[in-house]
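# Understanding the architecture of this molecule
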Amino acid sequence: MGRLYEQLSLEERCTLSGLRQAGKTVRQIAAIMDRAPSTIARELKRNSGTQVGYQPGYAEQQAKSRCWRGSRLLRQPDLQNEVLKRLGYGWSPAQVAGRLNKEKRRKVISYESIYRFIDSQIRRTKDYSWRHYLPRGKSKRGWRGRRGGKVVDRIEGRVGIDRRPAYIDKRRQAGHWEGDLMLFAKYGQAVLVAHERHSRLLVVSRQPNKAAEPVATKFTELFRSLPKSLRRTITFDNGTEFSYHHRLHKLSMRTFFCDPHAPWQKGGIENGIGRMRRGLPRKTDLATLSDQRLLSLVRFYNHTPRKCLKYKTPAEVFIRHLLHLKCESTPSNRRE
């Protein structure tokens, strides 16, 4: 059996560099370092720079670069295609990784590996279109601060979120909702959004404007169609469009409002609207958006697996576990 070859350490490369500069031959260096002459000759040949000669730091970098086999997604084209296909659905890397692991019943890939793959593709190719595979479409990872807007907190019969029962925060009971409006660049265009806190289900409806009257009417129609166990409370921000919230009290629903400048207190719907913005950016003209397209975006959201639901979909949780019916689990086609 031949002798096992081992790469030189950084310390050995420093020693080699010093002996080389002292004018020692390859065999003399090999004898001093207790290495085979072929190892020393190979090291000098492979890791020397044309202009800098043999430098320990440069040699170490060259050796490591040859050992790197590339991202796993580069080495496994089939896995890469599957991951990119699901990212194309609008899923986040965490959702893709979690669903693959759930389907294969083993660890397939981590979400961090997916993020690193996209980041490396952007850096290597300078093609920033890769960022569109990510949920927020950012070319650089990290949090971006947001500027706050005007808050109106003078609403008749307003009850603050601090008086909402603490058990609602745990999301264990169904029937607790959050409500908000998605506004667009064209004045007067709005989409009403309701988010069920337990299942993360999203319900949307076009609105003629952001006035309080049609908002209250639409919410009343929505919740009247649900069983009483699924209409317990709803939480709003302090927009004047929710001024007629007291109409929901007739349906035995309690209404609560976030603190001023604190929309994060209804974080579920804020997250849901953020996801919907991928297909409905603010510049969208609702007049040109078909009802079928809007419905497909909502269905896509409700059939996307969520990490917080152990990679079940909101539709699965709401329909199968709350209404005890069957439903499709995931979309079969790429979104439009």
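Residues numbered from 1 in each chain as written. Predicted model: local features only at pLDDT ≥ 70, side-chain atom pairs only at ≥ 80, totals over all residues. Heavy atoms only, no water.

### A closer look at the overall build of the protein chain
The helix and strand inventory of the protein chain stands at 12 helices and 5 strands. Counting all 336 residues of the protein chain, 46% fall into the buried class. Intrachain contacts of the protein chain at a sequence separation of at least 6 include 58% that bridge at least 24 residues. Accessible surface for the protein chain amounts to roughly 19,900 Å². Of this, 49% is attributable to carbon and sulfur atoms. (Helix = DSSP H or I, 4+ residues; strand = E, 2+ residues; numbered from the N terminus. Buried < 20%, exposed > 50% of the residue type's maximum accessible area, 1.4 Å probe, protein only. Contact = heavy atoms within 4.5 Å. Areas by Shrake-Rupley, 256 points an atom, 1.4 Å probe, with all protein chains shown as cover.)

### Observations regarding the sheet that holds strand β4 (residues 233–236)
Ordered in space as β3-β2-β1-β4-β5, the 5 strands form an open sheet in which the pairing is mixed. Edge positions in the open sheet fall to β3 (202–207) and β5 (254–257), since each of these has one partner strand only. Recorded for the sheet is a direction-independent mean angle of 25 degrees between the axes of neighbouring strands. Pairing of β4 with β5, which is carried by 4 bridges, proceeds in the parallel orientation. Residue pairing in the sheet places T235 in a bridge with F256 of β5. Sheet contacts for helix α11 (residues 291–302): β2 (190–196) and β3; angle to β3, the most-contacted strand, approximately 160 degrees. (Pairing = 2+ DSSP bridges. Axes fitted to C-alpha atoms, helices over the stretch in contact; angles between N-to-C directions.)

### Thoughts on the packing of aromatic side chains
What characterises a pair of aromatic rings is the spacing of the ring centres plus the angle enclosed by the ring planes. Here the structure, examined in full by the defined rule, presents 11 aromatic pairs. Between the aromatic rings of W177 and F223, the centroid separation amounts to 5.2 Å while the plane-to-plane angle is 70 degrees, which identifies the pairing as edge-to-face. With W177 in strand β1 (residues 176–183) and F223 in helix α9 (residues 212–224), this pair connects stretches of sequence that are 46 residues apart. Exposure remark for W177: the relative accessible area of 1% places this residue in the buried category. (Phe/Tyr/Trp six-rings, centres within 6.5 Å; stacked < 30°, edge-to-face > 60°.)

### Overview of the pattern of salt bridges
The final tally for this structure, using the stated rule, is 16 salt bridges. Between R197 and E178 there is a salt bridge, with the nearest N and O atoms lying 2.6 Å from each other. With R197 in the loop between β2 and β3 and E178 in strand β1, this pair connects stretches of sequence that are 19 residues apart. By relative accessible area, R197 is classed as buried at 4%. We classify E178 as buried; its relative accessible area is 0%. Sharing partners across several salt bridges, the network here consists of E82, K85, R86, R99 and E103. (Salt bridge = Lys/Arg side-chain N within 4 Å of Asp/Glu carboxyl O.)

### Examining empty space enclosed by the protein
Considering all chains together, one arrives at 4 cavities of 30 Å³ or more under this definition. Looking at the largest cavity, its volume works out to about 150 Å³. Elements that contribute at least two residues to the lining of the largest cavity include exactly α10 (267–276) and α11. Of the residues forming the lining of the largest cavity, the biggest block, 3 residues, is contributed by α11. Residue composition of the lining of the largest cavity, grouped by class: 5 nonpolar, 4 polar and 4 charged. Each pocket or cavity is described by its volume, and for the second largest cavity that value is around 50 Å³. (1 Å grid on protein atoms, 1.4 Å probe; cavity = no way out; pocket = protein on both sides within 12 Å on 5 of 7 lines; lining within 4 Å. Points joined across faces, edges and corners; volume = space filled by probe spheres on them. Nonpolar A, V, L, I, M, F, W, Y, C, P; charged D, E, K, R; others polar.)

### Considering the side chain of K266
Within the element layout of this structure, K266 appears in the loop between β5 and α10. Judged by relative accessible area, K266 falls into the buried class, the value being 0%. A polar contact of 2.7 Å, which involves the side chain of K266, links it to the side chain of D180. When neighbours within four sequence positions are excluded, K266 is seen to be in contact with E178, G179, D180, T235, F236, D237 and C258. (Polar contact = N/O pair within 3.5 Å; in protein donor to acceptor, adjacent residues only side chain to side chain.)

### Here we look at α10
With 7 of 10 residues buried, α10 is to be regarded as a mostly interior element. Turning to α10, its buried residues number three or more, namely G268, I269, G272, I273, G274, R275 and M276.

### Overview of the pairing of β2
Burial within β2 is extensive, with 7 of its 7 residues counted as buried. Pairing of β1 with β2 involves 7 bridges; the strand directions are antiparallel. Across the sheet, residue M182 finds its bridge partner in β2, namely V191. Joining the antiparallel neighbours β1 and β2 is a turn of 6 residues, in which G188 adopts a positive phi near 90 degrees. Taken together, the 6 bridges between β2 and β3 define a ladder with antiparallel strand orientation.

### Remarks on the packing of helix α2 (residues 26–33) against helix α3 (residues 37–46)
Axis separation between α2 and α3 bottoms out at 8 Å; the angle between their running directions is 115 degrees. Viewed along their axes, α2 and α3 form a crossing whose handedness is right-handed. Taking contact as the criterion, the partners of V26, R27, I29, A30 and M33 in α2 are, on α3, P37, I40, A41 and L44. The residue inventory of the contact of α2 with α3, partitioned by class, reads 8 nonpolar, no polar and 1 charged. (Left-handed = near helix turned anticlockwise from the far one by under 90°.)

In short, shape yes, function no, at least from these values alone.
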